[in-house]
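Chain by chain, the residues:
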Amino acid sequence: MAKLFSITLAFLLLAACNQDKKNVVSNETVDTFFSVDSLPRPNTLNSKASLEVKDWEAFNRLETAFESLYKVANREDLKLVIEDLIEKQKLVAGSPYPETFDVPQVKSRQKVLETFILKTKGDLEYRVDTKEATIEMIHAYNAFRNQFNVMVNSAMDSTLIFDE
């Protein structure tokens, strides 16, 4: 009886070890990176807005850093670009805005851009797909730049509205 019990126990032990090999799942994940060709391009500034931002050094640095986004080839490159964008947007936030753009409409869009840059950074740190966050960041950047065009094209003086 003891022999039968020990043989049965050994057989069950071997069978249990054999099942573990079948249930092993590969934890390797394929790190796919999106193509920068699929990203939307930044809006262009009209000639009036370009003249206004020409001497705004902090914004020009942000633009240069943003252009490098379209040259990334992998996650590590994107991480470096995002870190650079964070630094440059902090410089823009701390720098004096040109008089035409020193309004809440522009500053709020700059804050939204900061939010989406940080969202992209978070996705990079948590190794989540960054394509959606990067596209949202580009849309926020386009809204920021588009507001410059709106401000220089707006001929209405808001003080006249509030005085009446």
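See above for the structure.
Let me sum up the structure you'll find in this document. This is a predicted model, so every value here is computed, not measured.

**Looking at the overall build of the protein chain**
Scanning the protein chain from N- to C-terminus turns up seven helices and zero strands. Out of the 164 residues in the protein chain, the part that is buried amounts to 32%. Within the protein chain, contacts between residues at least 6 apart in sequence are counted, and of these 78% link residues at least 24 apart. Summed over all atoms, the accessible surface of the protein chain reaches about 11,200 Å², with 57% contributed by carbon and sulfur.

**Quick notes on helix α4 (residues 75-94)**
With 20 residues, α4 should cover 28 Å at 1.5 Å per step; its first-to-last C-alpha distance of 29 Å lies within 8% of that length. Among the residues of α4, those classed as buried are Arg75, Leu78, Val81, Ile82, Leu85, Ile86, Lys88, Gln89 and Val92. Tucked inside the fold, the buried residues of α4 contact α3 (57-67), α5 (104-125) and α6 (131-153). Where α4 begins, the capping side chain belongs to Asn74, and its oxygen is found 3.3 Å from the backbone nitrogen of Glu76.

**Focus on the packing of α4 against α5**
Packing of α4 against α5 brings their axes to within 10 Å, and their N-to-C directions diverge by 155°. By the angle class used here, α4 and α5 are roughly antiparallel. At the point where α4 passes α5, the crossing takes the left-handed sense. Residue-level contacts link Arg75, Leu78, Lys79, Ile82, Glu83, Leu85, Ile86, Gln89, Val92 and Ala93 of α4 to Gln110, Glu114, Ile117, Leu118, Thr120, Lys121 and Leu124 of α5. Along the lines of polarity and charge, the residues of the contact of α4 with α5 split into nine nonpolar, three polar and five charged.

**Some points on the nonpolar core**
Counting residues in each nonpolar core, the largest one holds 36 residues, and the members touching the most others are Trp56, Leu85, Phe101 and Phe148. Looking at this core, the elements with two or more residues in it are α2 (47-53), α3, α4, α5 and α6. The dominant element in this core, judged by the number of residues it contributes, is α6, at eight residues. Setting aside residues up to four positions removed in sequence, Phe148 forms contacts with Leu45, Ala49, Val53, Trp56, Phe59, Phe101 and Val106.

**Things to note about unusual backbone geometry**
One non-glycine residue, Arg127, lies in the positive phi region at around 55°. As for its placement among the helices and strands, Arg127 is situated in the loop between α5 and α6.

**A closer look at the pattern of salt bridges**
Applying the stated criterion across every chain, the model contains eight salt bridges. Across the pair Lys88 and Asp84 runs a salt bridge, and its minimum N-O distance is 3.3 Å. With Lys88 and Asp84 both in helix α4, this residue pair falls four residues apart, about one helical turn. Accessibility expressed as a relative area gives 25% for Asp84, which makes it partly exposed. Three or more residues are tied together by salt bridges with common partners; here these are Glu83, Lys121 and Glu125.

Thresholds, definitions, all that
- Residues numbered from 1 in each chain as written.
- Predicted model: local features only at pLDDT ≥ 70, side-chain atom pairs only at ≥ 80, totals over all residues.
- Heavy atoms only, no water.
- Helix = DSSP H or I, 4+ residues; strand = E, 2+ residues; numbered from the N terminus.
- Buried < 20%, exposed > 50% of the residue type's maximum accessible area, 1.4 Å probe, protein only.
- Contact = heavy atoms within 4.5 Å.
- Areas by Shrake-Rupley, 256 points an atom, 1.4 Å probe, with all protein chains shown as cover.
- Expected span 1.5 Å × (residues − 1).
- Polar contact = N/O pair within 3.5 Å; in protein donor to acceptor, adjacent residues only side chain to side chain.
- Axes fitted to C-alpha atoms, helices over the stretch in contact; angles between N-to-C directions.
- Parallel < 35°, antiparallel > 145°, perpendicular 65-115°, else oblique.
- Left-handed = near helix turned anticlockwise from the far one by under 90°.
- Nonpolar A, V, L, I, M, F, W, Y, C, P; charged D, E, K, R; others polar.
- Core = buried A, V, L, I, M, F, W, Y, C linked by side-chain atoms within 4.5 Å.
- Salt bridge = Lys/Arg side-chain N within 4 Å of Asp/Glu carboxyl O.

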